[in-house]
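Below, each chain spelled out in residue letters.
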Amino acid sequence: MARIDVKKTYKLYIGGTFPRSESGRSYVVNDAKGNLLANAAQASRKDARDAVIAARKAFGGWSSRTAYNRGQVIYRIAEVLEGRREQFVAELRASEGITAAKANTFVDAAIDRLVWYAGWADKITQVEGTANPVAGPFFNISSPEPTGVVAVVAPAGPLLGLVSVVAPIITTGNTCVVIASEAHPLTAITLGEVMATSDLPGGVVNVLTGSVAEVAPWLASHMDVNAIDLTGVTDVALSTSLEVAAADNLKRVRRAPEAAVDWLATPGLDRMTDWLETKTVWHPIGI
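First things first, this report covers the structure right here in the doc. (Residues numbered from 1 in each chain as written. Predicted model: local features only at pLDDT ≥ 70, side-chain atom pairs only at ≥ 80, totals over all residues. Heavy atoms only, no water.)

Some words on the side chain of Q42
This is how it is decided: Comment: elements are numbered from the N terminus, with helices defined as DSSP H or I runs of at least four residues and strands as E runs of at least two. Remark: exposure states derive from per-residue accessible area (1.4 Å probe, protein chains only) relative to the maximum for the residue type, with buried under 20%, exposed over 50%, and partly exposed in between. By definition, residues are in contact when any of their heavy atoms lie within 4.5 Å.
By the secondary structure assignment, Q42 is in the loop between β3 (36–41) and α1 (45–63). You can call Q42 buried: its relative accessible area is 19%. Leave out the neighbours within four places in its chain, and Q42 touches S21, S23, R25, S26, Y27, D47, T209, G210 and E214.

Focus: the side chain of T190
Topologically, T190 is positioned in helix α7 (residues 186–196). You can call T190 buried: its relative accessible area is 0%. Beyond its immediate sequence surroundings of up to four residues, T190 is in contact with Y10, R84, Q87, F88 and E91.

Concerning the packing of helix α3 (residues 85–96) against α7
Counted only if it meets this: Structural elements are reduced to axes, namely lines fitted to C-alpha atoms, with helices fitted over the stretch in contact, and the angle between N-to-C directions of any two is expressed from 0 to 180 degrees. Each angle gets one of four labels, with under 35 degrees taken as roughly parallel, over 145 as roughly antiparallel, 65 to 115 as roughly perpendicular, and the rest as oblique. Handedness of each helix crossing follows the sense of rotation of the near helix against the far helix: counterclockwise by less than a right angle gives left-handed, clockwise gives right-handed. Any residue outside Ala, Val, Leu, Ile, Met, Phe, Trp, Tyr, Cys, Pro, Asp, Glu, Lys and Arg is labelled polar, Gly included; the first ten of those are nonpolar and the last four are charged.
Contact geometry of α3 with α7 gives a least axis separation of 10 Å together with a crossing angle of 170°. Accordingly, the angle class assigned to the pair α3 and α7 is roughly antiparallel. Between α3 and α7 lies a crossing whose hand is right-handed. Contact residues: α3 offers Q87, F88, E91 and L92, while α7 offers L186, T187, T190, L191 and V194. Of the residues assigned to the contact of α3 with α7, the class counts are 5 nonpolar, 3 polar and 1 charged.

Comments concerning the sheet that holds strand β8 (residues 205–208)
Here is the rule: Strand pairing is assigned whenever DSSP detects at least two bridges linking the two strands.
Strand order in this open sheet of 5 strands is β8-β7-β6-β9-β10, and the pairing throughout is parallel. Strand pairing shows two members of the sheet lacking a second neighbour, β8 and β10 (252–254), which therefore form its edges. Each neighbouring strand pair of the sheet contributes to a mean axis angle of 15°, computed without reference to strand direction. As paired strands, strand β6 (residues 149–153) and strand β7 (residues 175–179) are joined by 5 bridges and run parallel to one another. Bridging across to β7, V152 finds its partner in V178.

Some points on the pairing of β3
The pairing of strand β1 (residues 9–10) with β3 spans 2 bridges and is classified as parallel. Within β3, the residue paired with Y10 across the bridge is A40. By the bridge criterion, 5 bridges tie strand β2 (residues 26–30) to β3 in an arrangement that is antiparallel. Across the sheet, residue V28 finds its bridge partner in β3, namely N39.

What to know about the packing of helix α4 (residues 100–120) against helix α6 (residues 160–171)
Here α4 crosses α6 at 10°, and the two axes come no closer than 9 Å. In terms of axis orientation, α4 runs roughly parallel to α6. Contacts between α4 and α6 involve F106, A109, A110, R113, L114, Y117 and W120 on the former and, on the latter, L160, V163, S164, A167, P168 and T171. When the residues that make up the contact of α4 with α6 are grouped by side-chain class, the tally is 10 nonpolar, 2 polar and 1 charged.

Digging into a nonpolar patch on the surface
We apply this condition: Without a salt bridge and with relative accessible area above 30%, a residue can belong to a patch; like charges are then joined within 9 Å and nonpolar side chains (Val, Leu, Ile, Met, Phe, Trp, Tyr) within 5 Å. Methods summary: accessible areas were calculated by the Shrake-Rupley approach with a probe of 1.4 Å, and residue burial reflects only the protein chains presented. Each reported salt bridge corresponds to a side-chain nitrogen of Lys or Arg within 4 Å of a carboxyl oxygen of Asp or Glu.
A cluster of nonpolar side chains, namely V134, F138 and W282, defines an oily patch on the protein surface of about 290 Å² accessible area. Tracing the backbone shows W282 in strand β11 (residues 276–284).

So, the sheet that holds strand β4 (residues 130–131)
Across the sheet, which stays open at both edges, the 3 strands sit in the order β4-β5-β11 with antiparallel pairing between neighbours. Bordering the open sheet on either side are β4 and β11, each of which pairs with just one other strand. Inspection of the sheet shows β4 paired to strand β5 (residues 138–146) by 2 bridges, in the antiparallel sense. Its bridge partner being in β5, A131 is matched across the sheet by I141.

Observations concerning the nonpolar core
Just so we agree on the cut-off: To define a nonpolar core, start from buried Ala, Val, Leu, Ile, Met, Phe, Trp, Tyr and Cys residues and group those joined through side-chain atoms within 4.5 Å.
Ranked by internal contacts, the top residues of the largest apolar core, which has 59 residues, are L114, V166, I170, C176, M195, L200 and V205. Top element by residues in this core is α4. It accounts for 10 residues. Setting aside its immediate chain neighbours within four residues, M195 contacts Y13, I77, V166, L200 and V205. If you look at the next biggest cluster of nonpolar residues, it comprises 28 residues, including A48, V153, A245 and A246.

Some points on the packing of aromatic side chains
The cut-off we apply is this: Geometry of aromatic contacts follows a simple scheme: Phe, Tyr and Trp rings, the Trp one being its six-membered ring, pair when their centres are within 6.5 Å, and the pair is stacked under 30 degrees between planes, edge-to-face over 60, tilted otherwise. Criterion for a charge above a ring: Arg CZ or Lys NZ at most 6 Å from the ring centre, at most 35 degrees from the ring normal.
Applying the stated rule across the entire model yields 4 aromatic pairs. Counting every residue linked through ring pairs, the aromatic cluster contains W116, Y117 and W120. Directly above the ring of F59 sits R56, whose terminal nitrogen or CZ lies 5.7 Å from the centroid.

Here it is as structure tokens:
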């Protein structure tokens, strides 16, 4: 007798836990052949607000950790992801219909990308900070600090693209709320499971699944969100409206269409520096 598959309903990842959407809604996620793969929670405005609250609550503790410790935590995420690589390969093959070789390439690159950013955690301040020359008996020192809570519309690349936009945000001490790829949300929640079983504090990364057009406007206009990454927004009209909404509290906005990004290429520092503010301190010499 043939065994009946147990279809999974993937939940949200908010504050280190996996709640269902408060709306009770879910939507069907199909595989590359159009067959039912699983169900995913469809996040609402209330879920987005809960995620922002969780991110803000986690920001103080995460940003105040030493940069070296943040690097250790991000490296730990890579370790746990390495241990579950077969699951991610299977999910990528099922959802995108790609070959095993290509899926392995993406998973390897995602793990390596986490290790790369982990190594930058305690170096970005030295690279971006400076001692400024001034005409007077003062020290003048500029150093980067995290922006705060960053909202992210994740790219369609369901693992490597997601890791490539989230890792630089948390490396620099920020926290984030991510809207996963609507068509390929499953690896995003599985990545949430990896983060929940690593050393990453709850609330540093929060993952919502569902409609970008429904949830993103609320995050863009939310007054406790400090910045927004629109990499995964492909609709020009929606992208423009989100930028307008973000202007209400002078959010930083990164608008870099995914089509122009080679996720397999070695990243630069811009995805880290985009989410940093510069603090300049004056101090008298000799006192």
